[in-house]
Amino acid sequence: MNYFPDEVLEHVFDFITSHKDRNSVSLVCKSWYKIEKYSRQRVFIGNCYSISPERLIARFPGLKSLTLKGKPHFADFNLVPDDWGGFLYPWIKAMARSRIGLEELRLKRMVVSDESLELLSKSFPNFKSLVLVSCEGFTTDGLAAVAANCRLLRELDLQENEVEDHRGHWLSCFPENCTSLVLLNFACLKGEINLASLERLVARSPNLKSLRLNRAVPFDTLQRLLMRAPQLVDLGTGSYVHDPYSEAYNKLKAAIQSCNSIRSLSGFLEVAPRCMSAVYPVCENLTFLNLSYAAGLQSIELTKLIQYCRKLQRLWILDCIGDKGLGVVASTCKELQELRVFPSDPFDAGNAAVTEEGLVLVSAGCPKLNSLLYFCQQMTNAALITVAKNCTNFIRFRLCILDPIKPDPVTNQPLDEGFGAIVRSCKGLKRLSLSGLLTDQVFYYIGMHAKQLEMLSIAFAGDSDKGMLYVLNGCKKLRKLEIRDCPFGDAALLEDMGKYETMRSLWMSSCEVTLGACKTLAKKMPSLNVEIINESEQTEFNLEDRQKVDKMYLYRTVVGHRKDAPEFVWLL
Amino acid sequence: MEVGLKMGMKGGGGGDHVKEKMGFEETELRLGLPGGGGEAGGGEVVRKRGFSETVDLKLNLSSKQDTSGIDPNEEKVTGLTKDKNLLLSATDPAKPPAKAQVVGWPPVRSFRKNMLATTTTTEKSSSDESSGEKAAFVKVSMDGAPYLRKVDLRMYTSYHQLSDALAKMFSSFTIGNCGSQGVKDFMNEGKLMDLLNGSDYVPTYEDKDGDWMLVGDVPWEMFVESCKRLRIMKGTEAIGLAPKAVEKCKKRG
């Protein structure tokens, strides 16, 4: 049934941008499927092994923007060995061969080789935007290739990647006639930077809106860069250390004052606290402040700065701000939506400087709060119940008590009731991470109330299979479930095998699941890949079915077993 | 009793019978895998691995099994012998004892951990915990200059930055002597021998013990801690300080 010519439908579909909606559109009828297929430009693939590059290209030949995620989330915490997978190269190779007009590539937790970056830079003449988050496997040589060959490059965004520094002058590889840069973020690079090249590059990039420097960019260079780019909207400083009585410092103060578009500030990887006052003028317009790497700032300096930030919407900070400091946040930042408090000493998991008090203060003072990541010393049920009452809008609630099985220190009870209050009150909750002493009861509450929950992270919690079953049965929209060190076993895993086809992935490590159960699941569900990560010397043949597996990762896929699994990954 | 209370918290069938066994057996040192180990009721599988058991597994500290609900605090504080007040350490937030490391906990990205580790080492030496930064002003003299200067060493985070700053400070006194360049080049060890042989300048410092040392040998933080004053010596006068630096040069190849 087609009342409109194809072009009209296509035009209408242009307005439909969400992936979910476009997926729905393609299911309506054959002709809509076809039109949607050829007009689709942006594709999001949450698990790179759920589909192959060839199938992607066949399905969406008009692809221009691709988002790919590789390793499971717990890889961030060293739970996944190196060489597990998530390689970019096959994707680039396939797209290059099929002459896909790729313009934008966003990757998370992928292994990106220099070779793939080089091939990318040479295969897609319209390539505009490269965003790499938590990736690894490449060096500054790969960056040099991108700089040199991507003539129309607008965005180079490197977020928290492990990059090997080859001391080449990758920045100098941007050709002199490259003037298109809008975003340049190299804060994660560890090595030296050719400062003169950087200054020239910034000088010839009139559209540059976002600039995040690495540690090697000193104070005086920062000042010169700001003079060249007063139009910046997002600034990440590098090293921020200088004598506050010097000429250079005064010059920086002046330069910052001319940058009245800055709305987002980060960096301060090395910082002299006495120099922070130069930054106060931009504070009043800031919407995003990231001081989570500024280990050199104490609570006093942090609170002084934050007092100027009345329009702040997102704050990332270290726990040295303390509960009192969070009180200042609560009374100043009335527009706050997202708060992330990181541990300043992540190796000594015993001394976070914030407790439940800070969180309660923020919840009381910031009614718009909807996203939380909070590493703390302790938490109480009473505090969580209060937080739930104050803030009903949470979409993301991730609490990490540094001692993972710590009960409520006041009552010695598990934190079931506290988290129960959160899920009951925040009906829109999509992501939840639990910690502290927890029994099956918390999962009962989650299954009962967290109806919008899409991602759940559990560690050292629960008493029995019932816990996991409450979640699997109750959370209808669950997409990602990751569990470590919980007493969930075969009965829970196998109860509703079809459930996993509605989810992206399930991770279980150090639980009670046996090899036999995993094999059963793999056999009964061909649409799932069940992978065992085994780091001991035992081979698949030595391990008996009734033995527990250390790490299991399963995910739905349309292309069966992957071909690039290393030896220690068993594909059942 | 506190222990019993703790067991009760875990709920489930496993807790109850374990309660009775609290006491003597708990104080036994045992080797072997957690969860089995000859405790009565082997069929009574330890359902929950628990944090402390994970610590055992991962660090090969085998003290005991049935660890459900037992806080690792206890193990660390009381060593491997049991104490009556098992809960005290767990509930005392004021002074949590040092924890063993469990893989992947706390859930902080390695990138962040590494970044903070490097930042903290540079910052620790240059900031006071309670009252903000402590300045470290030292006198700087240069042979032949009419007056001395003062610099705050905590304003810099590397020898390179210090050398730049000194060069700028004393450039007006050294026109024609390549002094500032000499100070800069000093940081480039390749030119060391030329410098010492020539009439260029060499930065030295007096340390806490009163000895005159060549700048650049020790890590930056250590230098800032021990430096009492700086003296930019004429190369010819610095010959006596050369050997250590020469050795260092040779070692680096």
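Thresholds applied
Numbering of residues starts from 1 in every chain and runs along the sequence as written. Chains and ligands are labelled sequentially in the order written, the chains with letters from A and the ligands with numbers from 1. A pLDDT threshold of at least 70 governs which residues receive local features in this predicted model, and a stricter bar of 80 or more applies before side-chain atom pairs are shown or counted, although totals over entire chains, interfaces and linings include all residues. Excluded from the side-chain calculations are hydrogens and water; all other atoms, namely the structure's heavy atoms, are used. UniProt positions are given in the numbering used here, feature names are shortened, and annotations may be inferred rather than shown by experiment. Put simply, DSSP marks the helices as runs of H or I at least four residues long and the strands as runs of E at least two long, and each gets a number from the N terminus on. Only C-alpha atoms enter the radius of gyration; for comparison, a globular chain is expected to reach 2.2 Å times N to the power 0.38, where N is the number of residues. Categorising residues by exposure relies on relative accessible area from a 1.4 Å probe, with only protein chains included: less than 20% of the type maximum marks a residue as buried, more than 50% marks it as exposed, and the intermediate range marks it as partly exposed. Contact criterion: two residues are considered in contact whenever any of their non-hydrogen atoms come within 4.5 Å of each other. Surface accessibility follows the Shrake-Rupley procedure with a 1.4 Å probe radius. Residue values consider only the protein chains on display as shielding. Each patch is built from salt-bridge-free residues with over 30% relative accessible area, joining like charges within 9 Å and nonpolar side chains (Val, Leu, Ile, Met, Phe, Trp, Tyr) within 5 Å. The term salt bridge refers to a side-chain nitrogen of Lys or Arg lying within 4 Å of a carboxyl oxygen of Asp or Glu. Just so you know, the count uses Lys and Arg for positive and Asp and Glu for negative, and it drops His and the chain ends. For this purpose, a charge sits on NZ of Lys, CZ of Arg, CG of Asp or CD of Glu. The nonpolar core is taken to be a set of buried Ala, Val, Leu, Ile, Met, Phe, Trp, Tyr and Cys residues, with the residues joined through side-chain atoms within 4.5 Å. Throughout this description, a polar contact denotes any pair of N or O atoms lying within 3.5 Å of each other; where both atoms belong to protein, one of them has to be capable of donating a hydrogen while the other can accept it, and for residues adjacent in sequence the pair is counted only when both atoms sit in side chains. Centres within 6.5 Å make a pair out of two Phe, Tyr or Trp rings, where for Trp the six-membered ring is used; the pair is then stacked when the planes are under 30 degrees apart, edge-to-face when over 60, and tilted otherwise. Two strands qualify as a pair provided that DSSP identifies no fewer than 2 bridges between them. Interaxial angle, 0 to 180 degrees, is taken between N-to-C directions of lines fitted to C-alpha atoms, where a helix line uses only the stretch in contact. Just so you know how the angles are binned, under 35 degrees is roughly parallel, over 145 roughly antiparallel, 65 to 115 roughly perpendicular, and the rest oblique. Lys, Arg, Asp and Glu make up the charged group, whereas Ala, Val, Leu, Ile, Met, Phe, Trp, Tyr, Cys and Pro make up the nonpolar group; the residues left over, Gly among them, are polar.

- Chain B is annotated in an unreviewed UniProt entry as Auxin-responsive protein of Hibiscus trionum.
- The Subunit (unreviewed entry) field of the UniProt record for chain B holds the comment "Homodimers and heterodimers."
- Annotation of chain B in UniProt includes, under Sequence similarities (unreviewed entry), the sentence "Belongs to the Aux/IAA family."

- Taking an unreviewed UniProt entry as the reference, chain A is identified by name as Auxin signaling F-box 2 belonging to Hibiscus trionum.
- Within the UniProt record for chain A, the comment given under Pathway (unreviewed entry) is "Protein modification; protein ubiquitination."

Re the overall build of chain A
So, step 1. Across its full length, chain A holds 20 helices and 25 strands.
So, step 2. Taking 2.2 N^0.38 as the reference for a compact globule, 572 residues should give roughly 25 Å; the C-alpha atoms of chain A span a radius of gyration of 25 Å, in line with that estimate.
So, step 3. Dimensions of chain A along its principal axes, counting C-alpha atoms only, are 70 × 65 × 60 Å.
So, step 4. The buried share of chain A, reckoned over its 572 residues, is 62%.
So, step 5. For chain A, restricting intrachain contacts to residue pairs at least 6 apart in sequence, the fraction spanning at least 24 positions comes to 71%.
So, step 6. Surface accessibility of chain A: about 22,000 Å² in total, with carbon and sulfur atoms responsible for 51%.

Considering the UniProt feature "domain: F-box" (unreviewed entry) in chain A
So, step 1. On the UniProt side, "domain: F-box" (unreviewed entry) is annotated at positions that read residues 4-45 of chain A here.
So, step 2. Helix makes up 60% of residues 4-45 of chain A and strand 10%, and the two end C-alpha atoms of the span are 31 Å apart.

Side note on a negative patch on the surface
So, step 1. Taken together, the side chains of Asp6, Glu7, Glu10 and Asp14 of chain A present a region of like negative charge at the surface.
So, step 2. Judged by relative accessible area, Asp14 of chain A falls into the partly exposed class, the value being 47%.

Digging into the nonpolar core
So, step 1. Counting 229 residues, the largest nonpolar core has Tyr240 and Ile446 of chain A as its most contacted members.
So, step 2. Ranked by the residues each element gives to this core, the list is headed by helix H8 (residues 159-170) of chain B, at 6 residues.
So, step 3. Excluding residues within four positions of it along the chain, Ile446 of chain A makes contact with Val423, Leu432, Leu434, Leu453, Leu456, Val471 and Cys475 of chain A.

With respect to the side chain of Thr380 of chain A
Residue and element names in this part refer to chain A.
So, step 1. Mapped onto the fold, Thr380 is located in the loop between strand E17 (371-376) and helix H15 (381-390).
So, step 2. There is a polar contact of 3.0 Å between the side chain of Thr380 and the backbone nitrogen of Ala383.
So, step 3. Among all residues touching Thr380, those that are not within four sequence positions of it are Glu356, Asp408, Pro409, Val410 and Leu415.

Re the packing of aromatic side chains
Residue and element names in this part refer to chain B.
So, step 1. Considering all chains together, one arrives at 28 aromatic pairs over all chains under this definition.
So, step 2. Taking the centre distance of 5.2 Å and the plane angle of 90° together, the rings of Tyr159 and Trp220 count as edge-to-face. Of the two residues, Tyr159 sits in helix H8 while Trp220 sits in helix H11 (residues 220-226), which places them 61 residues apart along the sequence.
So, step 3. Take Tyr159: its relative accessible area is 13%, and that puts it in the buried class.
So, step 4. Residue Trp220 is classed as buried on the basis of its relative accessible area, which comes to 8%.
So, step 5. Seen from their ring centres, Tyr205 and Phe223 are 4.8 Å apart, and the 90° between their planes marks the pair as edge-to-face. Highlighted residues: Tyr205 in strand E3 (residues 201-207) and Phe223 in helix H11, separated in sequence by 18 residues.

Overview of a nonpolar patch on the surface
So, step 1. A cluster of nonpolar side chains, namely Tyr3, Phe4, Val8 and Val12 of chain A, defines an oily patch on the protein surface of about 420 Å² accessible area.
So, step 2. Mapped onto the fold, Val12 of chain A is located in helix H1 (residues 6-13).

Re the sheet that holds E3 of chain B
All names here are of chain B.
So, step 1. Here 5 strands make up an open sheet; going across it, the order is E2-E1-E5-E3-E4 and the pairing mixed. With one partner strand each, in any of the chains shown, strand E2 (149-152) and strand E4 (212-214) form the two edges of the open sheet. Ignoring which end each strand starts from, the neighbouring axes of this sheet average 30° apart.
So, step 2. In the sheet, E3 pairs with E4 via 3 bridges, with the strands oriented antiparallel. Looking at the pairing, Tyr205 lines up with Met213 of E4.
So, step 3. In the packing of H8 onto the sheet, contacts are made with strand E1 (137-142), E2 and strand E5 (227-234), and the angle to E2 comes to roughly 155°.

Quick notes on the environment of Asp345 of chain A
Residue and element names in this part refer to chain A.
So, step 1. Locating Asp345 in the fold gives a position in the loop between strand E16 (338-342) and helix H14 (356-365).
So, step 2. The class for Asp345 is partly exposed, based on a relative accessible area of 37%.
So, step 3. Sequence separation of Asp345 and Pro61 is 284 residues, and the distance between their C-alpha atoms is 48 Å.

Examining the packing of helix H13 (residues 322-332) of chain A against H14 of chain A
All names here are of chain A.
So, step 1. Running from amino to carboxyl end, H13 crosses H14 at an angle of 5°, the nearest separation of the two axes being 8 Å. As the angle between them shows, H13 and H14 are arranged roughly parallel. Of the residues in H14, those in contact with Asp323, Leu326, Gly327 and Ala330 of H13 are Glu357, Gly358, Leu359, Leu361, Val362 and Gly365.
So, step 2. Considered class by class, the residues forming the contact of H13 with H14 number 5 nonpolar, 3 polar and 2 charged.

Let's talk about the pattern of salt bridges
Residue and element names in this part refer to chain A.
So, step 1. If you walk through the whole model with that rule in mind, you get 28 salt bridges over all chains.
So, step 2. One salt bridge connects Lys190 with Glu162, and the closest N-O pair in it is separated by 3.4 Å. A residue pair is termed long-range when its members are at least 10 positions apart, and Lys190 in the loop between strand E8 (183-185) and helix H8 (195-203) and Glu162 in strand E7 (residues 162-164) qualify at 28 residues.
So, step 3. With relative accessibility at 28%, the residue Glu162 sits in the partly exposed group.

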